[in-house]
Amino acid sequence: MNLEFIELDLDWPFELSLFDLKNYILSKLLEYGEPLRWAITSVTNHPKKNIQIISVEVVLIINQDKDKGINPELN
């Protein structure tokens, strides 16, 4: 297993409630690996697209057997 630090910008549609935000972020992070620790570092409005952009910093646990992660060749 390895740890990997990444920064992501995620779209937060206005129709997604604040109460559903945590599960939404976690579901997106699971596409990259298992989140060990994460934090929202900023939220920016994008009125033309009717969304907000969430910047997230994440420490992921990457399982070498599954080849998950941003750079699988580094695992």
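See the structure printed just above.
Right, let's walk through the structure included here. (Residues numbered from 1 in each chain as written. Predicted model: local features only at pLDDT ≥ 70, side-chain atom pairs only at ≥ 80, totals over all residues. Heavy atoms only, no water.)

Sheet topology places strand β2 (residues 34–46) next to strand β3 (residues 51–62); eleven bridges connect them, and they run antiparallel. Following the sheet pairing, arginine 37 is matched in β3 by valine 59. The hairpin turn running from β2 into β3, its antiparallel successor, is four residues long, and asparagine 50 in that turn takes a positive phi close to 60 degrees. (Pairing = 2+ DSSP bridges. Helix = DSSP H or I, 4+ residues; strand = E, 2+ residues; numbered from the N terminus.)

All right, on to the pairing of β3 then. With nine of twelve residues buried, β3 lies mostly within the body of the structure. As defined by bridge partners, strand β1 (residues 2–13) adjoins β3 across twelve bridges and the pair is classed as antiparallel. Paired with aspartate 11 across the bridge in β3 is isoleucine 53. (Buried < 20%, exposed > 50% of the residue type's maximum accessible area, 1.4 Å probe, protein only.)

With respect to the helices, strands and loops of the structure, glutamine 52 is situated in strand β3. Assessed through its relative accessible area of 15%, glutamine 52 is described here as buried. Polar contacts involving the side chain of glutamine 52 include one to the side chain of asparagine 45, which spans 2.6 Å. (Polar contact = N/O pair within 3.5 Å; in protein donor to acceptor, adjacent residues only side chain to side chain.)

On the surface, a cluster of negative charge is contributed by Glu7, Asp9, Asp11 and Glu57. Take the negative patch: its biggest share by element is three residues, from β1. Relative to the helices and strands, aspartate 11 is located in strand β1. (Patch = residues over 30% accessible without salt bridge, like charges linked within 9 Å, V, L, I, M, F, W, Y side chains within 5 Å. Areas by Shrake-Rupley, 256 points an atom, 1.4 Å probe, with all protein chains shown as cover. Salt bridge = Lys/Arg side-chain N within 4 Å of Asp/Glu carboxyl O. Lys, Arg positive; Asp, Glu negative; His and termini not counted. Charge placed at Lys NZ, Arg CZ, Asp CG, Glu CD.)

The next subject is the sheet that holds β2. Pairing in this open sheet of three strands is antiparallel, and the strands run β1-β3-β2 from one edge to the other. Edge positions in the sheet fall to β1 and β2, since each has one partner strand and no second. Averaged over all pairs of adjacent strands, the angle between their axes in this sheet comes to 15 degrees, without regard to strand direction. Packing against the sheet, helix α1 (residues 21–29) makes contact with β1, β2 and β3, and its axis sits at approximately 115 degrees to β2. (Axes fitted to C-alpha atoms, helices over the stretch in contact; angles between N-to-C directions. Contact = heavy atoms within 4.5 Å.)

Geometry only, nothing functional implied.
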